[in-house]
Structures are given as C-alpha cells and as structure tokens.
Amino acid sequence: MTLIDKKLNRRSFLKVSTLAGGGMMLSFSWLAGCKPTAEEVLTMPDEWFTINSYIKIGENGAVTLFNPNPEFGQNVKTSLPMILADELDVDWKNVFVEQADFYPERFERQFTGGSNSVRSSWKPLRTAGATARYMLINAAAQTWNVPAGEITTSTGMLEHKSSGKKAGYGELASLAGTLEAPDPEAVKLKENADFKIIGNSKKNVDGAKIVTGKPLFALDHKVEGMKYAAIVHPPAFGMKLKSFDKSSVTSLPGIQDAFEVKVFKDDYGRNFFDTTTFPEIIAIVGNSTWEVMQAKKKLNVEWEKAPDSTFPMAGRGGQNMDIKVPGGLENSAAHKEKMAEYITKPGNVQRKDGDPEGAFKKAARVLERTYTAPFLAHNTMEPMNAFADVKGDKAVIYGPTQAPESIMNALSSSLGLPKENIQINLARMGGGFGRRAYSHHLVEAALISQKIQAPVKMVYSREDDMSAGVYRPTYSATYRAALDENNNLLALHIKAGGIPESPLHANRFPAGAIDNYLAEGWQIESNITIGAFRAPRSNFIAGAEQSFLDELAEEMGKDPIEFRLELLKRAETNPVGERNDYDPKRYAGVLELVREKSNWSSVPNGISRGVSAYFCHNSYVAEVIDVSIKDNQPVVENVFAAVDCGIVVNPDAAANMGEGAIVDGIGNAFYGEMAFENGVPTKTNFDKYRMIRHSEAPKKIEVHFVESTEDPTGLGEPLFPPVFAALGNSLYKATGKRLYDQPFQPQIMQMENLRM
Amino acid sequence: MAQYNLSINGKLMNVDVDPNTPLLWVLRDHLDLVGTKFGCGIAQCGACTVHIDGEAVRSCSYPVSVIEDKKVVTIEGLSEKGDHPVQKAWLEHDVPQCGYCQSGQIMTAASLLAENPNPTDEEISYAMNGNICRCGTYTRIKAAIKTASKSL
Ligand code: FES
Ligand code: FES
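Residues numbered from 1 in each chain as written. Chains lettered and ligands numbered in written order. Predicted model: local features only at pLDDT ≥ 70, side-chain atom pairs only at ≥ 80, totals over all residues. Heavy atoms only, no water.

Where an unreviewed UniProt entry is consulted, chain B appears under the name (2Fe-2S)-binding protein, with the organism given as Algoriphagus aquimarinus.

Going by what an unreviewed UniProt entry lists, chain A is known as Xanthine dehydrogenase family protein molybdopterin-binding subunit and is assigned to Algoriphagus aquimarinus.

### Here's the deal with the sheet that holds strand S31 (residues 700-705) of chain A
All names here are of chain A. Reading across from one edge, S26-S27-S28-S31 is the order of the four strands in this open sheet, with mixed pairing throughout. Strands at the two margins of the open sheet, each flanked by one partner only, are strand S26 (608-616) and S31. Put simply, the sheet's adjacent strands are angled 15 degrees from each other on average, direction ignored. Bridge count for strand S28 (residues 633-644) against S31 is six bridges, and the pairing is parallel. Within S31, the position partnered with Ala641 by the bridge is Val703. Along the sheet, helix H17 (residues 721-735) makes contact with S26, strand S27 (619-630) and S28, crossing S26 at roughly 160 degrees. (Pairing = 2+ DSSP bridges. Helix = DSSP H or I, 4+ residues; strand = E, 2+ residues; numbered from the N terminus. Axes fitted to C-alpha atoms, helices over the stretch in contact; angles between N-to-C directions. Contact = heavy atoms within 4.5 Å.)

### Concerning the pairing of strand S7 (residues 157-160) of chain A
Residue and element names in this part refer to chain A. A one-sided burial pattern is seen for S7, the buried positions being Leu158 and His160 and the unburied ones Met157 and Glu159. Between strand S6 (residues 151-154) and S7, which pair antiparallel and follow one another directly, the connecting turn spans two residues, one of which, Thr155, has a positive phi of 30 degrees. With four bridges joining them, S7 and strand S8 (residues 165-168) adopt antiparallel strand pairing. Looking across to S8, one finds that Glu159 is bridged to Lys166. Counted along the chain from S7 to the antiparallel partner S8, the turn is four residues long, and its residue Gly164 has a positive phi close to 75 degrees. (Buried < 20%, exposed > 50% of the residue type's maximum accessible area, 1.4 Å probe, protein only.)

### A short note on the packing of helix H10 (residues 404-415) of chain A against helix H11 (residues 440-452) of chain A
When two helices pack together, their arrangement is given by the angle between the helix axes and by the axis-to-axis distance. Residue and element names in this part refer to chain A. Orientation of H10 relative to H11, taken along the N-to-C sense of each, is 25 degrees, at an axis distance of 9 Å. What the angle tells us is that H10 and H11 run roughly parallel. Seen along the crossing, H10 lies across H11 with a hand that is right-handed. When H10 is examined against H11, the residues Ile407, Ala410, Leu411, Ser414 and Leu415 are found in contact with a partner set consisting of His440, Leu442, Val443, Ala446, Leu447 and Gln450. Looking at the contact of H10 with H11 residue by residue, the classes come out as eight nonpolar, three polar and no charged. (Parallel < 35°, antiparallel > 145°, perpendicular 65-115°, else oblique. Left-handed = near helix turned anticlockwise from the far one by under 90°. Nonpolar A, V, L, I, M, F, W, Y, C, P; charged D, E, K, R; others polar.)

### Comments concerning the sheet that holds S8(A)
Residue and element names in this part refer to chain A. Across the sheet, which stays open at both edges, the three strands sit in the order S6-S7-S8 with antiparallel pairing between neighbours. The open sheet has two edge strands with one neighbour each: S6 and S8. Averaged over neighbouring strand pairs, the angle between their axes works out to 20 degrees when direction is ignored. Here helix H4 (residues 169-176) sits on the sheet and contacts S6, S7 and S8; the angle it forms with S8, its principal contact strand, is near 80 degrees.

### Re the side chain of A:His335
One can find A:His335 in helix H8 (residues 332-344). When residues no more than four places from it in sequence are discounted, the contact partners of A:His335 are A:Glu330, A:Phe375, A:Ile499, A:Ile528 and A:Phe676.

### Focus: the domain arrangement of chain B
Residue and element names in this part refer to chain B. Along its sequence, chain B is organised into domain 1 (2-77) and domain 2 (85-151). Each of domain 1 and domain 2 was reduced to a C-alpha centroid, and the two centroids are 21 Å apart. Of the residues lining the interface, 16 residues belong to domain 1; the matching set on domain 2 comes to twelve residues. Summed over both sides, the interface between domain 1 and domain 2 buries roughly 1,200 Å², with carbon and sulfur atoms accounting for 56% of that surface. For the pair domain 1 and domain 2, the number of links is zero salt bridges. (Domains from an automatic or database assignment. Buried area = accessible area lost by both parts, 1.4 Å probe. Salt bridge = Lys/Arg side-chain N within 4 Å of Asp/Glu carboxyl O.)

### Describing helix H5 (residues 138-151) of chain B
Residues and elements named next belong to chain B. The end-to-end C-alpha distance of H5, which contains 14 residues, comes to 20 Å, matching closely the 20 Å that a straight helix rising 1.5 Å per residue would cover. The buried fraction of H5 is high, at ten of 14 residues. For H5, the full list of buried residues reads Tyr138, Thr139, Arg140, Ile141, Lys142, Ala144, Ile145, Thr147, Ala148 and Ser149. (Expected span 1.5 Å × (residues − 1).)

### Quick word on the environment of A:Met239
All names here are of chain A. Within the secondary structure, Met239 is located in strand S11 (residues 239-245). For the pair formed by Met239 and Val680, sequence separation is 441 residues and the distance between their alpha carbons is 9.5 Å. Filtering out sequence-adjacent residues up to four positions away, Met239 remains in contact with Pro234, Phe278, Trp303, Glu304, Lys305, Ala306 and Leu329.

### Some details on the domain arrangement of chain A
Quite often, the size of an interface is put as the accessible area lost when its parts meet. All names here are of chain A. As assigned here, chain A comprises domain 1 (2-198 + 205-211), domain 2 (218-311 + 384-459) and domain 3 (474-750). Centre-to-centre, using C-alpha coordinates, domain 1 lies 39 Å away from domain 3. Taken together, the contact pairs 17 residues of domain 1 with 17 residues of domain 3. Taking both partners together, domain 1 and domain 3 bury about 1,200 Å²; carbon and sulfur atoms supply 60% of that area. One can count one salt bridge joining domain 1 with domain 3.

Below, the structure is given as structure tokens:
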C-alpha cells in the first residue's frame, strides 16, 4: 500500500467528507440503475445508505456507484465506476451504476472532452472509493470494539481475524454513512498489483438496455403534456433573419406557434464553449416531430446578409474581450486561394532552435511539401436536441451535453433565472466527438419551453445539424527539410495555419530532435464557426508531419520506423531546446511495439504498408496500416495500433474505442469534407456527406497496449490523429502517388491502373 | 388525419395520424417505442430500421398509410427477453459505443441472418452497408454477426 499523493486535489476530498458527514441527499437519476451482468446475485435493497457523493450501499450489500461524467460512447459510465469499485473493494457483480446528473457541489469536473475523464478522475475516484472503505472499516471497529487497523476487507466483506468477527458491507453501511470521513493523508490507496477490477475487462453497463432499445437518450424522453419543437436557421454563414410570417405555419395541422428565439442576451459575456453559428433562430412548436418538421418547409421567411459584428466573450482570466465575426458569404475555392497566399508570407514564429535560415542556405537539397485538409462536420448519429421544462422560476433541462458547467452560465443569463433554479440532467449522448461541448441546443430548448410554459422536446433535422457549423477547421501545413550532400538532415521548417485557427503544436516531436528548427503559425478570419473535433489540431498536423517524415525517410534512404527512432534517440540523449512536451522513450516504445506486432519487415504478398506515430493527450500511439488494391480501389486490410496510455482501466472497451478512432480516421481521410458556396454548406445529409460504411472499414484491427504502471492518460482521441498518415503512407506504397490533400478518395478516383 | 390499426410486435395498436407520417415517428411519438432511432430521415443511415413482414426497412421513409395489415417488428419486439441470438452476440462482443445506431444495426443483422444464416464476409458487408455507425464499431458488428450465425 502507498500513501496517496499529497498533491491530490484537496477540495475534491473535502467535498466527499462534508457530504458524508452532512448526510446530504443524493440525486436520483432519471435513468434507473442498471445491472452490469446477467448473473447478478443481489437484488435492489430496501434501503440505500449514502457513504459519499459517488457511493451508496444497500442493507443487503448491493452497491450503487455514480458515474459523474457525461457518457457519449467513451464508456466512462463503466470505467469510472470500475475505479471506485476497485478501491472500495466490492464484487463488480453487486454493483449498480447510475448516471449522476449535474451537481457541481457534489462532483468535480463533470465534463467530457480532452480525453480527460479517466486521467483527471483517477486519483479523486480512487480516493473516494478508498475513503468509503475506510469508513466501513471504522464502522466495524466501533461496532466490534476492535482497532480499525486490524480489520481487513475482501470483496464486500469486513473481517476481524483474531476475534473471528465478520460482516458484509451492507450490515455496516448505515453506521458508516454517519461517520466523519478520514483525513485524505491517512487514506492509503491500493498498490497497482492489488487491483482486481481495474485492468480486467467489464462489459458496458448499459449494454442490455442498448440492444433492447430502452430509452437512454434525450431524444427518447417524453413527459405528459410535452410539446415538440423544430428550428429553422439561416441557410448560410453570413446570413441572418430578416422577417418571417408566422401565419404561414400556424394554421397547419398540429402546429401551435412559431416565434423567434434569441440564444444569448446582447450583454452576455460568452465563455469558450458558448459557440453558436446562428444566435437568432425560429422555433416551430406543435404536437409531434413530424408535424413540426413538415411545417419547417412551409415557413415563409426572409433572410438578409449579416454585417460585421462583435460579441463579448469572457476570457479565461475573467477579462472581457470582443470577438469579431466578419460578414460576407464565403466560398471554399476562395478559402483555398487565400490559404495558398498565406503559405508564402511570413507567419508568427512560435519556436526557433539553432540557425534554420543559415542551414537552409547551406543545404544541398530542400524537400518542401504542403498538406491540406477541409472543414469537417461532426455528424453525431443523434442530432442536436434537448428536452426542457421551464415553468415560472424553475427549469429542468435534459440534454446531450459534454459540458454542463459551461452552458449553465448561458442558461442562467438567457432564462433570467439563478443557477440554483436550473437543473441540468445528463443524458447518454448518441456521439459527441467534441460537438456537444457547445451546448447552445440546451439554451434553445429552454427558451422555447419558457415561452410556451410547457415541457418541450426540440430536435434538429439532420440538415439543421449538419449545416449549423461548429466544424473542424480547414488547415494547411508546409514542411521544408534541408539536407546536406550526404543526406543528413540539417534543418526543419514548419509553417502551418488554417481558417480560422492554426493547427501548430510547436513543441511536439520532431522539435527537440533537430538542431535547426523553425515553427510558424498563421490564421485567417472567418464567420464559419469551429469547435473541438476529436483531437483538435492534432487530427490534422499529425497527418501532415507523419506523411512528411515518411517522404523524408525515403529521400534519405532510410526505413521509416528506423528514421523516427533515430530522431527520438537524439531527442532522448541530447535534446534540442527545453520545451519538448513528449517523452522520447515512451514515443519510441510504441513504434517498437507496432514494429513487432505488425511484423513490419515481412510484408505479406499483395499488401502495401504505411506507418505513423503521434503523441497527444499525454498518450503515445503508433499505427501500421495495410492496404491492398481490388478492382482499382484501395481496400484497408489490417490496422495494427500500439498505445501507451498508462494503466488501462477497461481493456476491451479501450480497444473498442481505439478501433472506433481508427475507423473514424480512415473515413475522414478518404471521404470527410464540408465545403461552402456563398456561405451555404454544400452537404446537409448523408446522401452527399460521405461517411465511412461497413464495407469500407478495415478487415482487421488490432489494438495493443503497452504494459504500464503509469497513471492513465488520454485514450478517446490519441488513436485518431496517426491514422491519416499511416493510411496516406500505405496508399503511396500501393499507388506510387503521395497524397497531400484530404480527402483522398477524389484523387484515388482519378488514378488509373493502380499497381497490383 | 386517419385511423390506422397497426400490428406492432404482435399487438394491434391504434393511431390517428396524418397518412404521410413516417412509421418512425408513429413509433416514437405516438406509440412510445423509442428504440427505433432518427438519424437522417432520408433512408441513408439505417438508424430507423425495423422489420416489416420480416424484411428490414427504413421506417423514416415508410409512410404509415402503406403498412396496412403487414406485421411490424421493432427492436423492442425482436425478442421477449432481449435474448435474440443477435442481441446476445452484441453483448458478448460488447459492440456498442454510444449505442445510438445499434438498434438499427441489430435489426438489419437479424433480418440478414433470417434470410441467410451463414453469410460470408462480403454478404455481411453488403447487407450492413446501409447502417452508419459514427462511432466506428463495424469490426465488432461483423464479429458479432458471425457469432450469432454460429448459434442459429
Ligand atoms: S433515419 Fe431512416 S435511414 Fe436514417
Ligand atoms: S455506436 Fe455510436 S453510432 Fe454506432
């Protein structure tokens, strides 16, 4: 046993102890508790005793664990309770899991994003589990009148060996719930070797509900007297509402009302996640989804061009700034031209090592390549929607959001209600990928409900969802390498930018491995809204960097894995600069593991193979992708991934998420693209926006985790960025052509007589 | 508005709706059978898949007026206890991520296996191509279909 880290967030601990002492009521989620397996032994108890915010124990020994974070498919609803259960020392079979609603006073950081759920919950949840175990031990010590230090636990049982006393957790839970929580310094956490649940795959706790179609999502929610709402938003970025004729829809069957909804108040200082493309929309309210969706088509509405505008935004340090939104109707063709222009201009220098300019002057050869990628839509399978019931001065919102805390400010301001009067309940989300960190849809539903003073479920059509912005930005990156006459790498220069942000991570590999290094960024203003998309910025720059390193290795006559390992060796033994934000040894570790698992040097017949590696969200991933050519089309045969994300809490579920990230990457690399004509998104549904489908997924995916005793790091995102270059590099081997611009598929269509 | 007597999951259910209303919204809004999901509304994603006389169809593009006396089965009626071989295989392979597409995937897979209990990889891909999974669970879906196929 080790003493817990003193740096542990004291606030989270105190929160646990106050609750335990104060015996505060816990939330009862709208979703009933669910059993993890079919072979459960304990039924629902007659009474639950609250031990702390995360844990309640029934008199029969059944345990309810609360998942604090929003679930969007990353399986935190299973993995976070596993962490609690292991330290609490209970049998997973007797655990019920419930989704906690949004209670910032009870839970830390109820946020899903940045691949952060497990890594930031690791210590607090272990401490909460261990603290509850201590309280049960103390209850037994009091009851049996023996020293607490002599009591041991084993899967839900307490025992005092020398006196032969034994009891289940359930028998002591009522007393334990009234005890003071111990000082965090006194709470010992398990040694890694003693984990029984962490590291052993557990099935998705919602699995049975999902496969039988039980209501789990906000879109499935219904209450007595509930109305349905659809929205109508401007058809183009750079347009806004001029006027509309309500009577064009209110006489239609089932339609009750149509009105304008203004999402944010003029003086509201937005926060980072308060992005919305269309702050003024029209809501149509009626008796059923179909009727309100039909009415959308009949609505008589006029739009007009929006002028340049600004809105106030609260900076992270509390200072207010004005964010400019340029007017104008933008076009993808013009975006491309503008980006090409910026490549030739000097950027903002973000890092410079040695004398890159001098090295380029001396170079015998310079390799220069530019990579681009388009805007992408998130396209979560469940479109944006929310349920809201606002009556008088109370509001209840049930919606798919990754960031309840962020949207609370906007809800409070827009509804004109204090935060204490607003309850946000957390729905399972039908996908998120970053999109649902921007939760304006909750505000929209709430304002609609407030106006009609009745419960309402608002749903976006797929077209609304796909054309409402908050996209992954479009990016460009130019890489230049200086080589001497012996093919030694003298210098590397990166200039990367985008609309409206730069994808540059100036201190990541290969920074630190090259003596003369220059990284510059640039960005171009736009009224097209953007937001986090699975591994923001990394999801582009990794592809550019790792494609360039592949081509560079070829120029230098080196094996692509060997070449990367040489650079990493340099960064490890004699690093350039001090701000390198990666660990070269762990980075090399995943390359070595993928080399072994893919049997890198013996490529099967008919297969072309590419490699790529990347570090983000504190995790290291290397991937090898094998493609073949069939009927003049590339087919992804195998994908091998090697991942170092520290301790893996739920290995099979972790592999599932990794497989998903790989499929997501292959789909976006081949097909993903959102374009604009006069501000209008050119794709609004899946007939035009091509998504990867079953037959295009790899035949086989292997996800290998590096065995580790390090605390967990990110997982949902890190497997995504390396896919683009691993695929591009394998397609080069297969076709003889390097692909510099995403999506790849249109270029492949133009290639004739592909090799093989 | 018109009255319809629909046979859904073996029960007769009465609804009074506009004849053009897609079966999807009749199920979700009027009959509270919300396991059938809305994804695109234009027969492109498969989230709304149900069985009509045993065949997998996209309920978002199937007006209630043409159902007549055909038998509709939704995910809620695929099995009484959630133990259809496809559902069991889905749990064994722990297929779902967000889970939103999965009732549609399961309904398509169940109808594939009813017609062809031993599909090849190509036949699986072909049958499943109309069902998008944004979370990318395709390899597990294929593995689960093969497991289910063995247990038939
Ligand atoms: S909702 Fe019917 S196919 Fe997409
Ligand atoms: S599991 Fe999320 S869309 Fe398929």
